[in-house]
Amino acid sequence: CQKLFPPHRHIYNETNYALPEQRVHRANVARALETFDADGDPTNFVHAYMQRMASNAHLDSPVLSRSPELSTYRKDNTTTLRWATLFLADNQQTQDTLREEVHRVVGKERLPALSDKSKMVYAQATILEVQRLANIIRLNGLRKTHKPTKLAGHTLPADMTIHADIHYVMWND
């Protein structure tokens, strides 16, 4: 049985694809941490995460050192970008307006920074609209009340499980 189903610790060894990916991820995080300023505005995800961790004892830091925890987010981002490409290919006016805003705020000589976000209202609206239309996560995760909770005039009892089908909220049809 050991030959058919080896212990899981042997599945991810030096020859496996996961470890090189983790090394790249750790190097990227380390590079981002070199410019981290706890009191400044975050300029990337790592900075924002580190600032949030400082104010919340319930957050755990391994997410910055291991990439498998982020694989779901990468897949969601990839799918969202594919949908964005499709939607933008079909709407030249949106492309032109988005390009004009990016060139006006960011310019052509540098990459966008997190500090640019508040100045790029059209880009934010475009991203939210792509996420709404693409609707890549039709069913939201289960939630549970920990105490009696009032919601829209209704009282939900403690330990009630709530499951939202966000498709109907996103499309409103």
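Below: a short report on this structure. Please read these numbers as outputs of a predicted model, since none were measured by experiment. (Residues numbered from 1 in each chain as written. Predicted model: local features only at pLDDT ≥ 70, side-chain atom pairs only at ≥ 80, totals over all residues. Heavy atoms only, no water.)

**Topic: helix H5 (residues 92-105)**
Threshold: A run of DSSP states H or I qualifies as a helix once it reaches four residues; a run of E qualifies as a strand once it reaches two. Both are numbered from the N-terminal end. A helix's residues, less one, multiplied by 1.5 Å, set its expected span. For each residue, the accessible area found with a 1.4 Å probe, counting protein chains only, is set against the maximum for its type, and the residue is called buried under 20%, exposed over 50%, and partly exposed in between. It is the directions from the helix axis to the C-beta atoms whose arc is reported. Pairs of N or O atoms within 3.5 Å make up the polar contacts considered here, provided that, within protein, one atom can donate a hydrogen while the other can accept it, and that residues adjacent in sequence are counted only when both atoms are side-chain atoms.
Helix length check: H5 (14 residues) gives 20 Å between terminal C-alpha atoms against 20 Å at 1.5 Å per residue, within 8%. If you check which residues of H5 are buried, you get Thr94, Leu98, Glu101 and Val105. The buried residues of H5 occupy an angular sector of 65° when the element is viewed end-on, so they sit on one face. Exposed residues on H5 whose side chains face more than 90 degrees from its buried face are Gln93 and Arg104. Sitting at the amino-terminal end of H5 is asparagine 91, which places a side-chain oxygen 3.3 Å from the backbone nitrogen of glutamine 93. Phi for glycine 107, located one or two positions after H5, is positive at around 90°.

**Describing the side chain of threonine 126**
What counts is decided by this rule: Should any heavy atoms of two residues lie within 4.5 Å, those residues are considered in contact.
Structurally, threonine 126 is set in helix H6 (residues 121-134). When its relative accessible area of 12% is taken as the criterion, threonine 126 is described as buried. Discounting residues that sit within four places of it in the chain, threonine 126 has contacts with Leu88, Thr94 and Leu98.

**Some thoughts on unusual backbone geometry**
Positive phi, normally seen in glycine, also occurs at alanine 152, with a value near 50°. Looking at where alanine 152 falls in the secondary structure, it is placed in the loop between strand S2 (149-151) and strand S3 (154-156).

**Notes on the environment of threonine 145**
Counting through the fold element by element, threonine 145 comes out in the loop between strand S1 (143-144) and S2. You can call threonine 145 buried: its relative accessible area is 8%. Along the sequence, threonine 145 and threonine 161 sit 16 residues apart, while their C-alpha atoms lie 6.7 Å from each other. Within the structure, threonine 145 has its side chain in polar contact with the backbone oxygen of proline 157 (distance 2.6 Å).

**Here's the deal with the nonpolar core**
Here is a general trend for soluble globular proteins: nonpolar side chains tend to be buried in one another's company. For clarity, the cut-off: Working definition of a nonpolar core: buried Ala, Val, Leu, Ile, Met, Phe, Trp, Tyr and Cys residues. They are joined through side-chain atoms within 4.5 Å.
Within the largest apolar cluster, 5 residues are counted, these being Leu98, Val105, Val106, Met120 and Ala123. Excluding anything up to four places from it in sequence, valine 105 contacts Arg110, Asp116, Lys119 and Met120.

**Looking at the pattern of salt bridges**
Here is the rule we go by: Basic side-chain nitrogens of Lys or Arg form a salt bridge, by our definition, when they fall within 4 Å of a carboxyl oxygen of Asp or Glu.
Counted according to the given criterion, the structure contains 4 salt bridges. Arginine 104 is paired through a salt bridge with glutamate 100; the nearest N and O atoms lie 3.2 Å apart. Here arginine 104 pairs with glutamate 100, and both are found in helix H5, just 4 residues apart, close to one helical turn. For arginine 110, the salt bridge identified is with aspartate 116, shortest N-O distance 2.9 Å.

Geometric descriptors of this kind do not, in isolation, establish any biological role.
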